[in-house]
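# An overview of the molecular structure
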Amino acid sequence: MWYTYAPGYLAIKSESTRLSEEEEEILKSCYELRVWMNREFGDDIQAIKALTLEQAYEEYYSDYHHTGIGFQLLERLLAYLQADVQWLLFTTSFLVLGLVFSSIWIQSTRPAWATLFFVITANFFVSLNVIAQYIAVAICLFACSLAEKRKLAWFYVLIAIAVSFHYSAIVFLPVYFLPKLKIRPRWCVLLVAFSLIISQFSYPLVRQLVLWLAPKYQNYIDGVVGGNEFEWIFMAINCAVFVLGTFYYEKGKNLPYYRLWYNLNVLAMITLAFSGVVPWIKRINYYFAAPHFLFIPLALSLEDHPIRRKVFHGVTVLLFCAEIYVAICVMNKHGTLPYHAFFQGDRVRWLQSMLNWI
């Protein structure tokens, strides 16, 4: 967010109104950070400092490749209202959380547990740097209720809106058919194993497909932007959810949403089988793994023995808390996100302090 969406919004805003000195400093500082992170000048700090505000305008104004028309319309509406960049944060957060909690209210039979699991994992899974995609993910999560209720037209209307925010939402198109898909757990295991095997030979085909459909993503598919490692943490989470869902499959398979969420998790596992081979495949996992905090309480509620059910709930909460401890205290995940800087205090000083540290 602090070197992509925020300065991109300011570049758009500059078309209709003059930016304040603070906003110009934010724009230029974010550009310097971006150039440094992309290693365009290596460690030549003087060359980075010599970058001009005009170059920053040009860079961010043309940097639309990661969002669709829906997100662009949202940015232009806020720019028309001459809103500060913090309103972009507020508005997008309101959209995501509104859709998530609406999904909990509509789909979950255990809303308190679902809310708890969502809140305690939010820091680990939510990154402001992919904010347009999280809006698309939240829309797709909300659309699950329409798939379950077999409202085909409205389901695809929502998916079209999701695609307008982020093109990757197109992967959710086949989800409408998952509630009626009857596939045994053992076949799911075989599908995941088969995916792990063929993933080792899939990169050339996937690369050609991406270059044909969206050539502007060449830097991503070539691994120039971002890393390309196997997503062990996400795969472990998906496997744990799969084991839990399989344990109660016979009891829950005919309940509303159970088969849909179970099959979505299988799709998430198949998707992650290609991580380490296809760059940024974890971004697709976000769509299929989104209902985890809804599915886990439903599966746990199927335990008949009251003491075991309480123990399972307690162990699950402890595992989630341990996961967050690792994310925050060990990995320091998203430790540089400017929650404080963009809402309180001197935002320019925050950015400059990072540049000085670099």
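Before reading further, recall that the structure is shown in the block above.
Residues numbered from 1 in each chain as written. Predicted model: local features only at pLDDT ≥ 70, side-chain atom pairs only at ≥ 80, totals over all residues. Heavy atoms only, no water.

So, about the side chain of Asn265. As for its placement among the helices and strands, Asn265 is situated in helix α15 (residues 258–272). Owing to a relative accessible area of 1%, Asn265 belongs among the buried residues under this scheme. Dropping the residues within four chain positions of it, Asn265 is found in contact with Asn238, Val241, Phe242, Phe288 and His292. (Helix = DSSP H or I, 4+ residues; strand = E, 2+ residues; numbered from the N terminus. Buried < 20%, exposed > 50% of the residue type's maximum accessible area, 1.4 Å probe, protein only. Contact = heavy atoms within 4.5 Å.)

Moving on, we come to helix α13 (residues 232–247). Taking 1.5 Å of rise per residue, the 16 residues of α13 would be expected to cover 22 Å, and the 22 Å separating its terminal C-alpha atoms lies within 8% of that figure. Within α13, burial applies to Phe234, Met235, Ile237, Asn238, Val241, Phe242, Leu244 and Gly245. (Expected span 1.5 Å × (residues − 1).)

The subject of this paragraph is the pattern of salt bridges. If you walk through the whole model with that rule in mind, you get six salt bridges. Of the charged contacts in the structure, one is a salt bridge between Glu15 and Arg76, with a shortest N-O distance of 2.8 Å. Separated by 61 residues along the polypeptide, Glu15 in the loop between α1 (5–13) and α2 (21–37) and Arg76 in helix α5 (residues 69–80) bring together distant segments of the chain. The closest approach of N and O atoms between Arg308 and Glu303, which form a salt bridge, is 3.1 Å. Residue Arg308 is classed as partly exposed on the basis of its relative accessible area, which comes to 43%. With relative accessibility at 6%, the residue Glu303 sits in the buried group. Look at the salt bridges and you will find they share partners, linking Arg184, Glu250 and Lys253 into a network. (Salt bridge = Lys/Arg side-chain N within 4 Å of Asp/Glu carboxyl O.)

Once that is clear, we can look at the nonpolar core. Among the nonpolar cores identified, the biggest contains 97 residues, and Phe71, Phe155, Phe172, Leu264 and Phe293 are the most heavily contacted of them. When residues of this core are assigned to their parent elements, the largest contribution, 14 residues, is made by helix α8 (residues 131–148). Apart from the residues lying within four places of it in its own chain, the contact partners of Phe293 are Val100, Ile104, Ala114, Phe117, Phe118 and Leu141. (Core = buried A, V, L, I, M, F, W, Y, C linked by side-chain atoms within 4.5 Å.)

Now for the layout of surface pockets. Approximately 900 Å³ is the volume attributed to the second largest pocket. In terms of lining, the second largest pocket is formed by 36 residues, of which the most central are Ile237, Val241, His292, Ile296 and Phe320. Breaking the lining of the second largest pocket down by element, the ones donating at least two residues are α6 (86–107), α7 (111–125), α8, α13, α16 (282–289), α17 (292–300) and α18 (306–330). Here the lining of the second largest pocket takes nine residues from α13, the largest share from any one element. Of the residues belonging to the lining of the second largest pocket, the class tally is 30 nonpolar, five polar and one charged. (1 Å grid on protein atoms, 1.4 Å probe; cavity = no way out; pocket = protein on both sides within 12 Å on 5 of 7 lines; lining within 4 Å. Points joined across faces, edges and corners; volume = space filled by probe spheres on them. Nonpolar A, V, L, I, M, F, W, Y, C, P; charged D, E, K, R; others polar.)

Before going further, it helps to spend a moment on α5. For α5, spanning twelve residues, the distance from its first C-alpha to its last is 16 Å, which sits close to the expected 16 Å at 1.5 Å a residue. Among the residues making up α5, those that are buried are Gly70, Phe71, Gln72, Leu74, Glu75, Leu78 and Ala79. Contacts made by the buried residues of α5 are with α1, α6, α8 and α9 (152–165). Positioned one or two residues after α5, Gln82 has a phi angle of 55°, which is positive.

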